[in-house]
Amino acid sequence: MLLADLTAGSVEDAENRRLIRPLAEVERIALSQPPARDALAALAPAERVRIIAEVKRASPSRGDLAAIPDPAHQARLYEQGGASAISVLTEQRRFKGSLEDLTAVRSAVSLPVLRKDFIATPYQVMEARAAGADLVLLIVAALEQPVLAELYGLIVELGMTPLVETHSADEVARAADLGAKLIGVNARDLSTFELDRDLFGRLADSIPADAIKIAESAVLQPADVAHYRAAGADVVLIGEALVTGDPVATLNAFLEAGS
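What counts and what doesn't
- Residues numbered from 1 in each chain as written.
- Predicted model: local features only at pLDDT ≥ 70, side-chain atom pairs only at ≥ 80, totals over all residues.
- Heavy atoms only, no water.
- Salt bridge = Lys/Arg side-chain N within 4 Å of Asp/Glu carboxyl O.
- Helix = DSSP H or I, 4+ residues; strand = E, 2+ residues; numbered from the N terminus.
- Buried < 20%, exposed > 50% of the residue type's maximum accessible area, 1.4 Å probe, protein only.
- Contact = heavy atoms within 4.5 Å.

> Requested: an account of the pattern of salt bridges, with residues and values cited.
Counted by the stated rule, this structure contains 14 salt bridges. Two residues, Asp13 and Arg93, come together in a salt bridge whose shortest N-O distance is 2.9 Å. Here Arg93 lies in the loop between β4 (85–89) and α5 (99–108) and Asp13 lies in helix α1 (residues 2–20), a separation of 80 residues in the sequence. Residue class for Asp13 comes out buried when judged on its relative accessible area of 10%. Note that Glu240 and Arg62 form a salt bridge whose closest N and O atoms lie 2.9 Å from each other. Of this pair, Glu240 sits in helix α11 (residues 240–243) while Arg62 sits in the loop between β2 (58–59) and β3 (63–64), placing them 178 residues apart in sequence. Residue classification places Glu240 among the buried residues on the basis of a relative accessible area of 16%. What makes Arg62 exposed here is its relative accessible area of 53%.

This is the structure we're talking about:
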């Protein structure tokens, strides 16, 4: 199962970092950071769709996408183009990201920054805050409910916002049980990597009314944003289309489509 492999790899890499930088040291750095930015305010429903723009070099499904030698510059273009938040892939094996990318992006923009990775341990949450993350991704399919609840609680305790990613009605219910205020539906099945652009529309009504609804994946053109907006998305998370083209022009077109 690809998701299990990705999660195991991320946990192993985090354990290797922990041998160099113990939890107590990371916690000290995390607690010394400026307060996390208010992601719920930044992503609150508006007259037009909000966009989380992703710094993404590669993926298991598509291989190499863009070199992105300067993630901070990429993020500044996203902010200039009207993004409401920035997602930074920090998984190093298949996505070629790093926590250093996240730190660079956080210092370059005024928007909330999401650590997007395969988070399964408290150490990973703590190092996200130490690197400056304002949001942390939790993938329901990768975690048993007690672990999911523990990590969710720690993210909130540290002042960050959890983005809880789902792929089914059962997973949406599990996210709702946590009281999640940011619930994403990923069109990509992380077990098979197949895409289903209509999954968001089928699950949107099961997301609690007080949660911000985020559509993830399968966005390559303005029509895809319009499709998600019509299905009830408050926010769309976009990666590939923004790193393979002109980020500012692409964001402008996507935001227009989602108005």
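Right, picking up where we left off after that structure.
> Hey, could you go over the side chain of Ser10 for me, with residue numbers and the actual values?
On the secondary structure map, Ser10 appears in helix α1. Once residues lying within four places of it in the same chain are set aside, the contact partners of Ser10 are Glu91, Asp117, Phe118 and Gln124.

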